[in-house]
Amino acid sequence: MSDLLERLRERGWRMTAQRRVVAEVLDGDHVHLTADEVHARAIARLPEISRATVYNTLGEMVSIGEIIEVATDGRAKRYDPNAHHPHQHLVCADCGTVRDVHPTGDPLAALPVEERFGFTVSAAEVTYRGLCPDCA
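Residues numbered from 1 in each chain as written. Predicted model: local features only at pLDDT ≥ 70, side-chain atom pairs only at ≥ 80, totals over all residues. Heavy atoms only, no water.

Student: What is the right way to read the environment of Ser63 from this model?
Tutor: As for its position among the elements, Ser63 is in helix 4 (residues 51–63). For Ser63, a relative accessible area of 61% translates into the label exposed. Side-chain polar atoms of Ser63 contact the backbone oxygen of Glu60, separated by 2.9 Å. (Helix = DSSP H or I, 4+ residues; strand = E, 2+ residues; numbered from the N terminus. Buried < 20%, exposed > 50% of the residue type's maximum accessible area, 1.4 Å probe, protein only. Polar contact = N/O pair within 3.5 Å; in protein donor to acceptor, adjacent residues only side chain to side chain.)

So this is what it looks like as C-alpha cells:
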C-alpha cells in the first residue's frame, strides 16, 4: 500500500495544491498510471492543473525517490508510488496492465557469481510478463 502523501509530508516537501493532487491521484495499491492518466485524473480534482505541472511534479517525485518510473516494452512510462516497498512487476503483454508482485526469494541471490563479471550487484529488477485474465 502506498503511503506517498505521508512520505512527502515527512520529507518536508512543499505541498502546493497541484503537488497534493498529483500525489493523491498516485496514492494506493497497484497504481501504475501514465503521466497522461495522472493528468486526466488530476484535472477532475483540480481543473486548472496543466500537463507541464503534472510532468514536472512526476519528475521531481522520481528524482527524490518517492515514486518509481516503470518502463514496459516501449509503452508509455508508468509511475509507481510504492517506491519504499520492495516488489517486482507483472505486466500484461497485450493491454499493458501492471501489477505489483512479491515473489519469494532474493533475485540477487539468483545471479551466480560467475555471471556477475566482477560487478558488485546492489539491486535487481524482475519483470514478469504474460496475459491478464481479460486478455487471455
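Next comes the rest of the account.
Student: How do you make sense of the packing of aromatic side chains when you look at a structure like this?
Tutor: Each aromatic ring pair is summarised here by two numbers: the centre-to-centre distance and the angle between the ring planes. Evaluation of the coordinates by the stated rule reveals zero aromatic pairs. Seen from the ring of Trp13, Arg19 lies directly overhead, with NZ or CZ sitting 4.0 Å from the centre. (Phe/Tyr/Trp six-rings, centres within 6.5 Å; stacked < 30°, edge-to-face > 60°. Lys NZ or Arg CZ within 6 Å of the ring centre and 35° of its normal.)

Student: Looking at this structure, how should I read the sheet that holds strand 1 (residues 33–34)?
Tutor: Strands pair in a sheet through their backbones, by hydrogen bonds, and they do so in one of two ways: parallel or antiparallel. Strand order in the open sheet formed by three strands is 1-3-2, with antiparallel pairing between adjacent strands. This sheet does not close on itself; its edge strands, each paired only once, are strand 1 and strand 2 (68–70). In the sheet, strand 2 pairs with strand 3 (residues 78–80) via three bridges, with the strands oriented antiparallel. By the bridge assignment for strand 3, Val70 is matched with Arg78. (Pairing = 2+ DSSP bridges.)

Student: Help me understand the pairing of strand 5 (residues 98–101) in this model?
Tutor: Side chains on a regular strand alternate between the two faces of the sheet. Burial along strand 5 is one-sided: the face carrying Val98 and Asp100 is buried and the face carrying Arg99 and Val101 is not. Note: strand 4 (residues 88–92) against strand 5, four bridges, orientation antiparallel. Bridge pairing links Val91 to Val98 in strand 5. Counting the residues between successive antiparallel strands, the hairpin from strand 4 to strand 5 contains five residues, one of them, Gly96, with a positive phi of roughly 90°.

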